[in-house]
Amino acid sequence: MKPSVPNPSASSDPLLLIDDRTVSFAAGKGWNTVVHGVSLDVGPGETVALVGESGSGKSVTAMSILGLLSARQARTTGRVVFKDRDLSLLNADEMRALRGSDIAMIFQEPMTSLNPVMTCGAQIAESLTIHRGLNRSEAHTETLQLFDRVRISDAARRFDEYPHSLSGGMRQRIMIAMALACKPSLLIADEPTTALDVTIQAQILALIKELQDEEGMAVLFITHDMGVVAEISDRTVVMNKGRVVEAGPTAAIFSDPAQGYTRSLLSAVPRLGSMKDRALPERFPVFDRETGVVQASADMPDTVVREKPLLEVEGLTTRFTLRQGFLGRVSGRVHAVENVAFTVRAGETLSLVGESGCGKSTTGRSILRLTEPDAGSVVLDGTDITALDSKGLRSHRRHMQMIFQDPYSSLNPRRSVGDSILEPLLVNRLADRSDAQGMVRELLQQVGLDPESRDRYPHEFSGGQRQRICIARALAVEPKLIVADESVSALDVSVKAQVINLMLDLQARMGVAYLFISHDMAVVERVSHRVAVMYLGEIVEIGSRQAVFGNPQHPYTKRLLSAVPVADPSRRRIKRILDSREIQSPIRDPGYRPPQRRFIDAGPDHRYMEWNDSWA
Amino acid sequence: MSHDKTMQPKSGKFDLGAIGRRDMLGLGLGFGLTTMAASTFGFPAWAQTDAAATPPSKPTGVVVVGLSQEPVSFHPLMPGVEVDEIIWTNIFSSLWVAQPDGSLKPDLAIEVPSVENGGIAEGGLLWTVRLRDDVTWHDGKPFTAEDVKYSLELINQEGFRSRTRVGHSLLGEITVVGPHEISWRMTEAFSPYLALLANTHMVPRHLLEGEADQNSTAFGGQPVGTGPFKWDTRTPGDNITLAANETYHGDGPYLDQAVLKYVPDMTSLYAQFQTGQVDMVIISGIPQNFYAEAKNLPDREVFIAPSGNIELVMPNLDHPALREKPVRQALYYAMNKQVIIDAIYYGVPTVTESFSPRESWAYNPNLPAHVYDPEKANALLDEAGWVRGDGGMRSKDGVPLAFQISTTTGNQLREQVQQFLMQDWAAIGVALSINNMPAAVIWGDFYVRSQFESLLVGTSFRTGVDPDPAARFASTAIPLKGGSGGNYMQWQNAEADALMKEGQASFDQERRREIYHRLQEIVREELPILPIWQYAPVEGYKKGLVGFAPNINQRQNAWNMGSWFWGS
Amino acid sequence: MATFLLRRFAQAALLLVIVSMIGFAILHLAPGGPLSQYAVDGNMTQADLDRLAEQLGLNRPLPIQYAEWFFRMLQGDWGLSYRDQQPVLHIILSHLGATLELMLTATVLAMILGVWVGTLGAVRRYSLFDSLATIGAMVALSIPTFWFGLVIIYVFSVGLDWLPSGNRYTIGDGSFLNRIHHLIGPSLVLALVSTAVWSRYMRSSMLDVINQDYIRTARAKGVSERNILFRHAMRNALLPMITIAGVQIPTLLSGALVTETVFTWPGMGRLFLDSISYRDYPVVMGILMFSAVLVLLGSLLADILYSVADPRISRQG
Amino acid sequence: MATIQAIPISRSFLEGAVVKRFLSHRLATFGLATILLLTLACIVGPWLLPFTDVYIDMMQRFAAPFSGWHVLGTDAMGRDTLARLLMAGRISLSIGFSAMVVSMIIGLCVGLIAGFYGGILGTVLMRFVDAMLCFPSIFLLLAISALISPSVPAIVLLIAMTSWMEVARVVEAQTRSLKTREFTLAAQSYGAGGFRLMLREILPNAVAPIVVAATLNVANAILAESYISFLGFGIQPPTPSWGNMLNSAQTYLTSAPWLAIVPGLAITLAVTSFNFLGDGLRDALDPRADQP
């Protein structure tokens, strides 16, 4: 099926028109086509989102517009018309003159997209000298103005700084400044906020939006995040497996998706705030990809055992010492986890949320003593884990298992998946070799995999499948608690929903408790019973999920919640927050004494940390 | 005794006895050397071809002496090897000098002391030497008896790493009689001291006395002497340049400069001799494989220099198989000496049956000539009860007829000889294996404590220039059995012992000749050593050089550079 | 920077102590000794040798010899050569010039050639040039240096008579041209391996860089390919080469030893070979320590240069 | 919930891909073929030749190549150069392999222990490695060669003692990184002990760089043998090795150049082949190529 494009709502004279673009990559002796006849258009001043899951061909399409794919490795056909010029007919020099001047591009990885050995200023100025023929001092002056435009304070100093000393958000601002240098009429933004924390993402999105308004430029925004799409785009083009599935005004796509794929995609997107009225976690509805038919999703039973906590964490502190100098003098400490306390009950999901560097992962590892904590107690089912010797630890650790973020590195690639699941059974003498084989099949079945696939190797499985295998391996030792460290963050939306459903099913069936570590507020809202918000190694607010999401008290919680893009165009919330506040570092001087914290009760099972002026 | 390890290997590795390590005046057995020395060797007159040429009135020209070892030890009283002696003999002077004919010629002394001229008195306990008064050090200071006294005392000075104290340790009180006359007492009479002093060079007291550590002095790096040449410059690892000493007290020097050029590879050294980058090749010589070619080089004099050393297989007579005379004889029969000489050594050396050099008056020319006869060898072994077993190798009473042969690693020609012997001897059922070692290892305890099974070695069996071989053959000379000599093969033979004893005591050359002829017959029969050939280093110099005089009584042939000059 | 240097120096000092222990143990456990060379001198007796061994302190227990050597070393006294009684440091320094001359020439040659070949290979990946350069580099890495030297001598000295077969200069002609003429052969031989190493690393470094995101950024803003290569890629690609240069020193020293042997070049390598043969322990130890210092200095210098050249390296740590 | 099928790719995909990638590396295939041929020739060749490597025939010395029965000529003692070359190949190749095995064992142990346990033990071990690496390799080879008498096992040990450090470094770095990989942490969290972690989780995943290092080590060991033999500290005659054949050929460089050229080419060919092989293996085993 070929959806109807160009969209009738676009202006009759589009700025950019992609017509039947096909891109193939060299694969061995042949060519592997990854983009199949994609057509789309962008009108002047318009924001078009090109959305799709990984491998949908969205980035390749975008790259092909400016001819940035290596001619040796990629072959493109089809027209790209920009301002009535067919770009596919331009020679190398003409194309180069266009790049960075009338069409600019920014990329996903701000950390690697800037040349590390050139100053930020020089990299921006380079655009000016190439396309606008400015001399050195003119370019310098102009660059300083651009710094101001992207809200980078202290421009004169920043000019001479190298990219490494800047945060990801700052670097993305530099990239934007570079893109704006020649006042392009089209900005292609390829996942520009994906690598950023949610509060920084909000800043960058707001900045792009505002600049777009000021300059009147069009934006082709490539993203996988339906929330971002809903927040910023006028029109949306959905891609899947190299083809355009559906295109139309954003509001229409979200409210009334025509295609089954779009519908299943949207159904898998958690929408922040949609759980306001529900106390228990909820499964995602399952749509059939092709037909869009909804499978009814059963309600989650209440799995929480309320009598006594399963896990009690008290005063947990983990610091990493930074040493330098001749004798390895302590130059500072990373206060990764600072005096953290919480409890998890059997069958309960407690989520630890926070942005990068807040210490949530370290907390998870410290509980299992994969990282040794400096202080505090971790009592699991009456046993203080921190007091165990290495032998006791080995036997007790099996009651808590961990599922990691990266499904590629959490399975031993040199071992069949059956063997990976078998190993913990044998190590803990839970079964002899013959019984264990049966248990492996059973476990694979439990996580929804074909038991016959146990002889295969991890690389033969997709990311979601691998995460299922990891869950099966964790379940093998019958843990009471599973620490899920960003376990679904790396997965595509629909796969993510499936894995979460599996986790919820297992909780319902086995009563396992989760410590769910995530930066994704929307997912957290969906799966948790209780939530703890972490900032700079400390819990700033903890309580029932409904209370924390519905009635946030701590300013950080509020900021975090307000920054989350909501996958609902009717509820656009991105305000013009043009502050450029950065996430602070948990590195402190060696002499630093963490202040005494006071917690305030905001209701039953809802406490927050008293804050000081800096949050005002 | 000395052991010439022959045919210096290529670069870097030191071979202790690079060729030309001649035996100097010997030790230990004291009796009148000087009287007999004159008749030791006769020399061909090659160096006299240009004798008619007259030296220049003023030092002119340069000679570049090619050496495959680098001279590094310049203090003449400290340990050193032959190449170092080139420096010593040309920068320094001794009281008297050993000439090619074996005589001693006064240098710093006015005359060589003797009982006849009264220089040696009180039965050899009081020595008096009168010195020249016209000698100055290279820095202009006059040379006096104080310098001699200082030099002799320095040798015995506690803590000073003197090369040897043999003879010197017998010195008693030393008296400076006048500025140019010195006398000393000896604690016992020791006539070889005369010869030893010929190789004891005098060092300047005024430069050394103040030094805190006599082992490490500025002088040691920049020697100052009274010889025909002065120290000029040194490029370490490359060359040393000596300059003419115009105030030299003797004849000459006639050359403006002498350069000692270090080329660590014998093949490269020869190549540079060919191209004229070096004027002469001595000590290590020209590799034998180039001899034929070198002889025909235009404008080059290439010759086989005389040497008293013998190349031989030295068995350890303690070895269960080698201790048997028939075994040694069989080995000798089965050794194709002529092929070794002709093929491996390009026919340069001369085959020999004796331990004595053929130039010696004591040489026995009538020894039975060696025949290559494997049949005979087999018969001898069969007769002696060595029976062939599996693989054709022999054994007797469980003792296999197998032994190792060792020499310095890297000496390619010797390695070829070893492999050749392996094949020759395997044919008669003898299993030979090779166990070579670096020079620093093999000539240590392995050699002097007789730890070897057999050696391929070049060595001499004389005492200085005297034909007496007692230090090498006497049963009292086995170090392993408390002896003090160099009988490392541990040979014991009563008749030989008696003969040698008589030979040492006799001053009658005719009688001694008979004694040593008989001794050579015994050795030829008993084969405590398996002689192969007499040493023959190939040396060469550019035509036109006058004054070059090979000297078997020195350890190197550049001993008299002060008399060299370029003829027309 | 100061603390960084201080720490690196402390680490280096510690390493040198370990190095000296290893070296000392290896040498003194070896059979044979420095007196073997005199052992068969007709003018010296066993008594003389025993006396010399005593005077040189060769009979004392190894730890004591080491301790003495070590404390002298701390005071800057490298000891005296057993062979010529000269101060070891003086001997080493007098041979160092020749070795440095050779090493520097070879390094400069190798750098220029290697960077050029590597860059071209990366830019024209899979081209004929690239394939030939790859094969050439692999073969160069596999040729025994000394054999290559012999072949050079055979072809260019013996056969064509274009180059001298050895020595640093002709005696009596120390002119600059004469020295250069002598330098060609050995420096070519020594540069062979380095050139191969440089071109391989340069190629992979350049390939790495031209696939980086920031090169894509530069392209997206319309920088010409030439400027991408020279302004954006080259500097980044050269950065790791600084480290390579640092770690090349041991290889170069090894190569120098062999090259000096083949070309009768009067440098440190040959001094080492001679000293090993003569068991001249103080000199051998001296050279081992000296080369260890060179190696450590090389890597230290490389680190410093790197931190100067790469803005990412914090100079505080 | 529907059972999700694993992507239907054959089980041997990994192995198959490695082999395929390797075979597509033309130089590596060439290297492997050459090594196999050389090895075969060295094993079988000496039986097929009419001459043994030790048969001395003084009448036939310095026969030029392709003159008469001696295909590659004869040496200074009239021995057949080809026979010696093949016998020498046996020695040189076995030295290469054996030295590699020994150095791999040392390097693996040191690297695994230092990388896994870290701390003071790891620091001490790695500082020792650093110190060993401060010596230029030939200097170290020569210094140690003064210690030993030059027999084949001694030379093997000598080369191994000077070439294990790089392996130790590679293994240490791999171990350190694999130790923090999630699958190792997972194994740790279900109670696997130190040995199990090292041998079952870490070692199998470090195989690729180890195999590459091993291959290159063989190349370097063959080279090292030739260097020490050339400098006169190597295998002693009559045992031929490529290195000592070269050593004895030096004298005759001008008169019988083939004596130097033939073994030199053999060394270069063998070493190049191993280097090509290592390079190809590196590309074929590149873990980055394992992932989609």
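Worth saying up front: this structure is predicted, and the values here are computed from it rather than measured. (Residues numbered from 1 in each chain as written. Chains lettered and ligands numbered in written order. Predicted model: local features only at pLDDT ≥ 70, side-chain atom pairs only at ≥ 80, totals over all residues. Heavy atoms only, no water.)

**Considering the nonpolar core**
Across soluble globular proteins, nonpolar side chains have a tendency to be buried as a group. Among the nonpolar cores identified, the biggest contains 290 residues, and Trp184(B) and Trp425(B) are the most heavily contacted of them. Counting contributing residues per domain, this core is built from domain 1 (2–74) and domain 2 (96–316) of chain C, each supplying no fewer than three. If sequence neighbours within four positions are ignored, Trp425(B) has contacts with Val313(B), Leu331(B), Ala334(B), Met335(B), Phe403(B), Val430(B), Leu432(B) and Leu530(B). (Core = buried A, V, L, I, M, F, W, Y, C linked by side-chain atoms within 4.5 Å. Buried < 20%, exposed > 50% of the residue type's maximum accessible area, 1.4 Å probe, protein only. Domains from an automatic or database assignment. Contact = heavy atoms within 4.5 Å.)

**As for the sheet that holds strand β4 (residues 120–121) of chain B**
Residue and element names in this part refer to chain B. In spatial order, the strands read β4-β5-β7-β6; together these four strands make up an open sheet with antiparallel pairing. The open sheet has two free edges, formed respectively by β4 and β6 (171–178), since each of these has just one partner strand. Of the strands in this sheet, β6 and β7 (181–186) are in contact with helix α3 (residues 145–156), which crosses β6 at around 165°. (Pairing = 2+ DSSP bridges. Helix = DSSP H or I, 4+ residues; strand = E, 2+ residues; numbered from the N terminus. Axes fitted to C-alpha atoms, helices over the stretch in contact; angles between N-to-C directions.)

**Details of the domain arrangement of chain A**
Accessible area lost during the coming together of the parts is what is often quoted as the interface size. All names here are of chain A. Annotation of chain A at the domain level lists domain 1 (1–102 + 184–257), domain 2 (114–181) and domain 3 (309–615). Taking only C-alpha atoms, the centre of domain 1 and the centre of domain 2 are 25 Å apart. If you look at the interface, domain 1 gives 19 residues, while domain 2 gives 11 residues. Between domain 1 and domain 2, a total of about 1200 Å² is buried, with carbon and sulfur atoms accounting for 62% of that surface. Together, Ile 204, Leu 207 and Leu 211 form the three largest contributors to the area buried by domain 1 at its contact with domain 2, with a combined 34%. Across the salt bridge formed by Glu 210 and Arg 151, the nearest N and O atoms sit 2.5 Å from each other. Put simply, domain 1 and domain 2 have six residue pairs in polar contact (both at pLDDT 80 or more) between them. Secondary structure elements with two or more residues in the side of domain 1 that touches domain 2: α2 (92–98) and α7 (198–215). The element contributing the most residues to the side of domain 1 that touches domain 2 is α7, with nine residues. For the side of domain 1 that touches domain 2, the class distribution of residues is 11 nonpolar, three polar and five charged. (Buried area = accessible area lost by both parts, 1.4 Å probe. Salt bridge = Lys/Arg side-chain N within 4 Å of Asp/Glu carboxyl O. Polar contact = N/O pair within 3.5 Å; in protein donor to acceptor, adjacent residues only side chain to side chain. Nonpolar A, V, L, I, M, F, W, Y, C, P; charged D, E, K, R; others polar.)

**Some thoughts on the confidence of the model for chain D**
Residues and elements named next belong to chain D. Here chain D shows a mean pLDDT of 82. Residues at 70 or above account for 91%. Mean pLDDT values for the elements of chain D range from 63 in helix α1 (residues 13–24) up to 92 in helix α3 (residues 81–117). Scored below 50 in pLDDT, residues 1–14 makes 33 contacts in the model with residues more than four places away or belonging to other chains. Across residues 287–292, where pLDDT falls below 50, the model places eight contacts with residues more than four positions away in sequence or in other chains. Both scores are available for the predicted complex, with the pTM at 0.81 and the ipTM at 0.79. (pLDDT = per-residue confidence, 0-100.)

**Thoughts on the UniProt feature "transmembrane region" (unreviewed entry) in chain D**
All names here are of chain D. Taking the UniProt record as the reference, the feature "transmembrane region" (unreviewed entry) is found at residues 27–49, 91–116, 128–148, 206–235 and 255–278. For residues 91–116, helix accounts for 100% and strand for 0%, while the C-alpha atoms at its two ends are 37 Å apart. This span, residues 255–278, is 88% helix and 0% strand, and a straight line between its end C-alpha atoms measures 37 Å. (UniProt positions renumbered as here; feature names shortened; annotations may be inferred.)

**Brief notes about the packing of helix α6 (residues 168–180) of chain A against α7(A)**
Residues and elements named next belong to chain A. Here α6 crosses α7 at 15°, and the two axes come no closer than 10 Å. Viewed along their axes, α6 and α7 adopt a mutual orientation that is roughly parallel. As α6 runs across α7, the sense of the crossing is right-handed. Between α6, through Gly 169, Gln 172, Arg 173, Ile 176 and Leu 180, and α7, the contact on the second element is made entirely by Ile 200, Gln 203, Ile 204, Leu 207, Ile 208 and Leu 211. (Parallel < 35°, antiparallel > 145°, perpendicular 65-115°, else oblique. Left-handed = near helix turned anticlockwise from the far one by under 90°.)

**A look at the sheet that holds strand β2 (residues 30–42) of chain A**
Residue and element names in this part refer to chain A. Here we have four strands laid out as an open sheet, ordered β2-β1-β4-β5, and antiparallel in their pairing. On the outer flanks of this sheet lie β2 and β5 (85–86), each paired with one strand and no other. Across nine bridges, the pairing between strand β1 (residues 16–27) and β2 is antiparallel. Pairing of Ala 26 across the sheet is with Trp 31, part of β2. On the sheet, helix α1 (residues 58–65) packs against β1, β2 and β4 (74–82) and is oriented at approximately 110° with respect to β1.

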